[in-house]
Structures are given as C-alpha cells and as structure tokens.
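Report on the structure
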Amino acid sequence: MKQIGGLFQAADWKTEKHVPVIDCPDQVKAGEFFPVKVTLGKEIAHPNTTEHHIRWISVYFHPDGEKFTYQIGHFEFAAHGESVEGPDKSSIYTHHEVGLSMKTGKPGVIYAAALCNIHGLWQSQKEITVSK
Ligand SMILES: [Fe+2]
C-alpha cells in the first residue's frame with residue numbers, strides 16, 4: 001500500500017476495495033465529449049451500510065504541461081440505509097458509482113478520489129491521449 005503525501009492512499013484496485021476504478025477510453029478525440037465512469041469495489045466489493053460506506057467521489061483532470069489541476073465533478077452518496085427505525089433499516093442505498101462526460105483539447109491525467117467514512121481518502125489515476 002502506497003501513501004501519497006500522507007493524505008491519500010493508493011493501491012491496486014484488483015486487491016484493494018477502496019481504490020477508485022476509472023473507466024474511459026485510453027485515447028479521445030480533441031474537443032469531443034467522452035464518457036468517464038468511476039466506481040470502486042469492482043473486484044472486491046466495498047460495504048455499503050450505515051456504519052461503513054463511501055461518502056463521495058471527486059474527479060479531476062490535469063492537462064500535460066499545465067501547472068494546475070481542474071475539478072471535473074464531485075458526487076455525494078447520501079443514502080446508506082439509515083432511517084427513523086435505526087441503522088440499515090430503510091432499504092434505501094446510493095451505490096458508489098458515477099458517470100460523467102467531459103472533453104479536452106489536451107492529453108493529461110484523470111484523477112479520481114474517494115472517501116470511505118472509516119478508512120479515509122483513496123485515489124487512482126488514468127492517462128489519456130488525444131487525437132486531432
Ligand atoms: Fe471502507
């Protein structure tokens with residue numbers, strides 16, 4: 001398990017259930033929207049209960065050669081089974097999976113960050129190239 005700056009943890013998503021999995025084309029067309037799906041627990045399911053769940057996923061893009069990173073989207077998962085009857089009694093749950101569309105004229109790296117309510121911050125990244 002590798003830590004990034006002591007804040008985010010990273011690992012192989014095939015063996016660690018907290019790592020966001022970024023699903024998008026390796027190569028995109030300049031200026032054309034493409035789909036990006038981010039989920040986690042693709043190989044090993046992450047729990048989704050009132051006591052233990054994923055709170056949010058954020059997606060960022062860092063264009064090659066630029067200094068700053070852009071935030072593409074932020075997604076909150078607000079239902080984890082809680083109700084007036086108690087924890088895990090509502091049967092209502094948000095699944096930790098998001099889909100968005102984005103476009104870029106430049107290649108770069110897509111980053112995804114996820115927060116588990118008890119296991120902290122996790123991140124992963126995927127490089128994309130751009131064809132004209
Ligand atoms: Fe967790």
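Now for a quick tour of the structure. (Residues numbered from 1 in each chain as written. Predicted model: local features only at pLDDT ≥ 70, side-chain atom pairs only at ≥ 80, totals over all residues. Heavy atoms only, no water.)

1. Observations concerning the pattern of salt bridges
Selection criterion: A pairing counts as a salt bridge when a side-chain nitrogen of Lys or Arg comes within 4 Å of a carboxyl oxygen of Asp or Glu. Runs of E in the DSSP output that reach at least two residues are strands. Runs of H or I that reach at least four are helices, and both are numbered from the N terminus. Only protein chains enter the accessibility calculation, which uses a 1.4 Å probe. A residue is then buried if its area is under 20% of the maximum for its type, exposed if over 50%, and partly exposed in between.
For the coordinates displayed, the defined rule picks out 2 salt bridges. Between Lys106 and Glu66 there is a salt bridge; the shortest N-O distance is 2.3 Å. With Lys106 in the loop between strand 8 (97–102) and strand 9 (108–116) and Glu66 in the loop between strand 6 (54–63) and strand 7 (70–76), the pair connects residues that are 40 residues apart, well separated along the chain. Residue Glu66 is classed as partly exposed on the basis of its relative accessible area of 24%.

2. Focus on the coordination of the iron ion
Rules: Note: metal donors comprise N, O and S atoms at 2.8 Å or less from the metal (3.2 Å for Na, K and Ca); water molecules are not included, so apparent gaps in a site are possible.
At the metal site, the iron ion is ligated by His18 (NE2), His46 (NE2), His52 (NE2), Cys116 (SG) and His119 (ND1), and these contacts range over 2.1 to 2.4 Å. As a motif over one chain, the donors of the iron ion read H-x27-H-x5-H-x63-C-x2-H. Separated by 64 residues along the polypeptide, His52 in the loop between strand 5 (34–40) and strand 6 and Cys116 in strand 9 bring together distant segments of the chain. Cys116 shares its class with His52; the two are buried.

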